[in-house]
Amino acid sequence: MLLSGGGTTLQNILDCCQSGRIDARVIAVVSSRPGVGGLARAERAGVPALLVERKAHPDTPAFSAALAAALAPHKPDLVCMAGFMSLWTIPEEYQGRVMNIHPALIPAFCGHGFYGHHVHEAVLAAGAKVSGATVHFADNQYDHGPIILQRAVPVLEGDTPDSLAARVHCVENELYPEAIQLFAEGRLVIEAGACAF
Ligand code: GAR
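Rules behind the numbers
Residues numbered from 1 in each chain as written. Predicted model: local features only at pLDDT ≥ 70, side-chain atom pairs only at ≥ 80, totals over all residues. Heavy atoms only, no water. Helix = DSSP H or I, 4+ residues; strand = E, 2+ residues; numbered from the N terminus. Buried < 20%, exposed > 50% of the residue type's maximum accessible area, 1.4 Å probe, protein only. Contact = heavy atoms within 4.5 Å. Near = heavy atom within 4 Å. Polar contact = N/O pair within 3.5 Å; in protein donor to acceptor, adjacent residues only side chain to side chain. Areas by Shrake-Rupley, 256 points an atom, 1.4 Å probe, with all protein chains shown as cover. Nonpolar A, V, L, I, M, F, W, Y, C, P; charged D, E, K, R; others polar. Core = buried A, V, L, I, M, F, W, Y, C linked by side-chain atoms within 4.5 Å.

*Asks:* It is not clear to me how the side chain of His-120 should be interpreted in this structure. Could you clarify?
*Replies:* If you trace the backbone, His-120 turns up in helix 4 (residues 117–126). What makes His-120 buried here is its relative accessible area of 3%. Each residue touching His-120, except ones within four places of it in the same chain, is listed here: Pro-103, Pro-161, Leu-164, Ala-165 and Val-168.

What follows is the structure in structure tokens.
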């Protein structure tokens, strides 16, 4: 799993693997930022926790090469981005095997700069009546690629970024395990840029 922050998404996946809800195992966690909660959560779970710091690399190609080198010995079947805030160029061998979760209904409220509370602030500022979460296969753009699952939540009168984030987060915690389990069962097919199962 790739992350850059607190790691609540990682924790949910770890818990789902532990409970058997997902028939998979987290074999390594790579963070693009040092000292984040996600690395501590990985260590507590006994999962190798690696740092490939974005700031230590001059550009996306150099960072992407370092990331690929860190992943290689672990031979992951699937790479899951879980609050991973850095762009990387996905190596050919991982095409169709990298997922991302985004706390909105893409293609709305996503892309560069749309992460964490910025997303929910933008949804509220636009007066949108629904938001939600999306799990998608990743390509080489932020929050972009074939959509696997989406689930909507209402935006309620009086919502704050915090209250909307909490509602979306509940849905994120359902959606990512479902998508990973579909992948584990070999049920996801990408055709003409879209995902079916
Ligand atoms: C999650 O809400 C995830 O959907 C979002 O970052 C959060 C990570 O939380 N991802 C994006 O915004 C991607 N554009 P966490 O660090 O506690 O897992």
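*Asks:* Which parts of the structure should I look at to understand the site of the ligand?
*Replies:* Neighbouring residues of the ligand: 15 residues in total, closest Thr-8, Thr-9, His-102, Asp-143 and Glu-172. Take Gly-7: an N or O atom from its main chain is 3.1 Å from an oxygen atom of the ligand. Isolated, the ligand exposes 450 Å² of accessible area, and the fraction of that covered by the protein chains is 88%. Grouping the constituent residues of the shell around the ligand by class yields five nonpolar, eight polar and two charged.

*Asks:* Got a minute to help me understand the nonpolar core in this structure?
*Replies:* Across soluble globular proteins, you tend to see nonpolar side chains buried next to one another. Core analysis: the largest hydrophobic core is formed by 38 residues, its most contacted members being Val-26, Met-99 and Ile-148. For this core, the secondary structure elements donating two or more residues are helix 1 (8–19), helix 2 (37–44), strand 5 (98–102), strand 6 (130–137), strand 7 (147–154) and helix 5 (161–184). Here this core gets eight residues from one element, more than from any other, and that element is helix 5. The contacts of Val-26, once residues within four sequence positions are left out, are Met-1, Leu-10, Ile-13, Leu-14, Cys-17 and Val-47. Within the second largest apolar cluster, 15 residues are counted, among which are Val-52, Phe-63, Met-81 and Ala-138.

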